[in-house]
Amino acid sequence: MDTGTHLVIGLGLAGLAYVDPVVAADPMVSTAVLIGTVAGSQAPDADTLLRLKGNAAYIKNHRGLSHSLPALVLWTALISGILWLVFPALPMWHVTMWVFIAVAFHVFTDLFNAYGTQALRPISERWVSWNIIHIFDPVIFSSHVLAIFIWSVHLMRPEILFPILYAFLALYYIWRSWTHYRLESGLRQQDSTYEPGDRYTLIPTVHLHQWQIVKRKQDGSFQLGELKNRKINWIDRVSCAVHPAVEASKTHPNVACFLYFTSYACAELKEHAWGYEVRWADVRYRHRKQYPFVAVLLLDKKLNPIDSYVGWVSESRLEKKLRMGGA
């Protein structure tokens, strides 16, 4: 989820913590839990600091180790330990439990997005992305904001309000999961262009009843479309280049990081007087007829790297970042 949603979830979990009599009975404990759930709901995304090392390091590692199984314990221990130093005589088992819930809930909600996490590390380095909830979901965000407002003006006690909120959200997640399964399972029968070997991925958008479709063809190409009001509209077809320059690009660190992260990468090749431009794009992210999440490598005629870029960028900005004129 986005940072704002994780923040309101942290506040919401602080309200939910009032179902714990130990938290509800002591203002100091409830304050510590509030700080702990807000911090815990943000902690796994501390790896955003990897941007300081460059886009490649960020793309390869964001939602990686910081969202892993050992990280759940480490984040909980770190935040709880700091709270123990600041607040004397805290009932640490209760505080630690709510901090852990906040950290775990952060990772759990991220599993439902298209971006995914490596939540199974160290068991597996596979990126887990269930493609059920958009990274910003207006229902999740607005319901939390409404509940926090009701709590702040004392219209309802938190131990009553927030169990209602999270029961509603549990039903919402179940409904979205079932809807995604039902719609994705039916794409093959609904698609008049279906060919044996086609594989479909249904990706959520910010609109509840509008989805993106990625169809992987047996020849390695991709077909992109939309599912709106249960009707398929194909909008683009992307063929992946096969060339020695494309193969050579896979060994470059920036491209390798990009390919490590996504299994929806497709290469485009442009030949210039000075060499080759290989552009890898993640076809899941299409915006205004462009694919802004890319790894681009410039190579000379002997396939030696000249310049590279990896990350989110527009076409005009990309030309400024790379020496497109060659050597």
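Our structure's up above, just so we're on the same page.
Rules behind the numbers
- Residues numbered from 1 in each chain as written.
- Predicted model: local features only at pLDDT ≥ 70, side-chain atom pairs only at ≥ 80, totals over all residues.
- Heavy atoms only, no water.
- Helix = DSSP H or I, 4+ residues; strand = E, 2+ residues; numbered from the N terminus.
- Contact = heavy atoms within 4.5 Å.
- Areas by Shrake-Rupley, 256 points an atom, 1.4 Å probe, with all protein chains shown as cover.
- Lys, Arg positive; Asp, Glu negative; His and termini not counted.
- Charge placed at Lys NZ, Arg CZ, Asp CG, Glu CD.
- Buried < 20%, exposed > 50% of the residue type's maximum accessible area, 1.4 Å probe, protein only.
- Pairing = 2+ DSSP bridges.
- Axes fitted to C-alpha atoms, helices over the stretch in contact; angles between N-to-C directions.
- 1 Å grid on protein atoms, 1.4 Å probe; cavity = no way out; pocket = protein on both sides within 12 Å on 5 of 7 lines; lining within 4 Å.
- Points joined across faces, edges and corners; volume = space filled by probe spheres on them.
- Nonpolar A, V, L, I, M, F, W, Y, C, P; charged D, E, K, R; others polar.
- Phe/Tyr/Trp six-rings, centres within 6.5 Å; stacked < 30°, edge-to-face > 60°.

A.B. asks: Describe the overall build of the protein chain, listing the residues and the values that go with them.
C.D. replies: Looking only at helices and strands, one finds 12 helices and 8 strands in the protein chain. In terms of overall dimensions, the protein chain has C-alpha extents of about 75 × 45 × 35 Å along its principal axes. When contacts within the protein chain are restricted to residue pairs at least 6 apart in sequence, long-range pairs at least 24 apart make up 54% of them. Total accessible area on the protein chain is roughly 16,300 Å²; 63% of this is exposed by carbon and sulfur atoms. Both charge centroids of the protein chain, one from 31 positive and one from 25 negative side chains, sit 4 Å from each other.

A.B. asks: How would you explain the pairing of strand β1 (residues 199–204) if you had to name every residue and give the values?
C.D. replies: The buried count for β1 comes to 5 of 6 residues, which makes it a mostly enclosed element. Note that β1 and strand β2 (residues 210–216) share 6 bridges and pair antiparallel. Bridge pairing in β2 links L202 to I213. Hairpin connection of β1 to β2: 5 residues between the antiparallel strands.

A.B. asks: Requested: an account of the sheet that holds strand β5 (residues 265–271), with residues and values cited.
C.D. replies: By definition, the strands of a sheet pair up through backbone hydrogen bonds, in either a parallel or an antiparallel sense. Taken in spatial order, the 4 strands line up as β5-β6-β7-β8 in an open sheet, and their pairing is antiparallel. Each end of this open sheet is capped by a strand with a single partner; those strands are β5 and β8 (305–312). On average, each strand axis in the sheet is inclined to that of its neighbour by 15°, with strand direction left out of account. Bridge count for β5 against strand β6 (residues 275–282) is 7 bridges, and the pairing is antiparallel. Its bridge partner being in β6, E271 is matched across the sheet by Y276. In this fold helix α11 (residues 253–261) packs onto β5, β6, β7 (293–300) and β8, with an angle of close to 150° to the strand it touches most, β7.

A.B. asks: Would you mind going over empty space enclosed by the protein in detail, with residue names and values included?
C.D. replies: Under the counting rule described, the total for this entry stands at 1 cavity of 30 Å³ or more. In this structure, the largest cavity occupies an estimated 30 Å³ of space. Around the largest cavity, the lining residues are I9, F105, T109, I140, H144, L169 and Y173. Looking at the lining of the largest cavity, the elements that each hand over two or more residues are α6 (92–110), α7 (138–152) and α8 (158–185). Of the residues contributing to the lining of the largest cavity, the split by class is 5 nonpolar, 2 polar and no charged.

A.B. asks: I'd like a rundown of the sheet that holds strand β3 (residues 222–228), residues and numbers included.
C.D. replies: The sheet built from 4 strands is open, its strands ordered β1-β2-β3-β4 with antiparallel pairing. Whereas interior strands pair on both sides, the edge strands pair on one side only; in this sheet they are β1 and β4 (231–238). Averaged over all pairs of adjacent strands, the angle between strand axes in this sheet comes to 25°, irrespective of strand direction.

A.B. asks: Please give an account of the packing of aromatic side chains that cites residues and values.
C.D. replies: Enumeration over the complete set of coordinates arrives at 20 aromatic pairs. With a centroid separation of 5.8 Å and 75° between ring planes, the pair formed by Y18 and W151 is classed as edge-to-face. Linking Y18 in the loop between α1 (3–16) and α2 (21–25) with W151 in helix α7, this pair joins segments that are 133 residues apart in sequence. Residue Y18 is classed as partly exposed on the basis of its relative accessible area of 22%. Each ring, one from F293 and one from W312, has its centre 4.6 Å from the other, and the planes form 15°; the classification is stacked. Linking F293 in strand β7 with W312 in strand β8, this pair joins segments that are 19 residues apart in sequence. Judged by its relative accessible area of 0%, F293 falls in the buried class.

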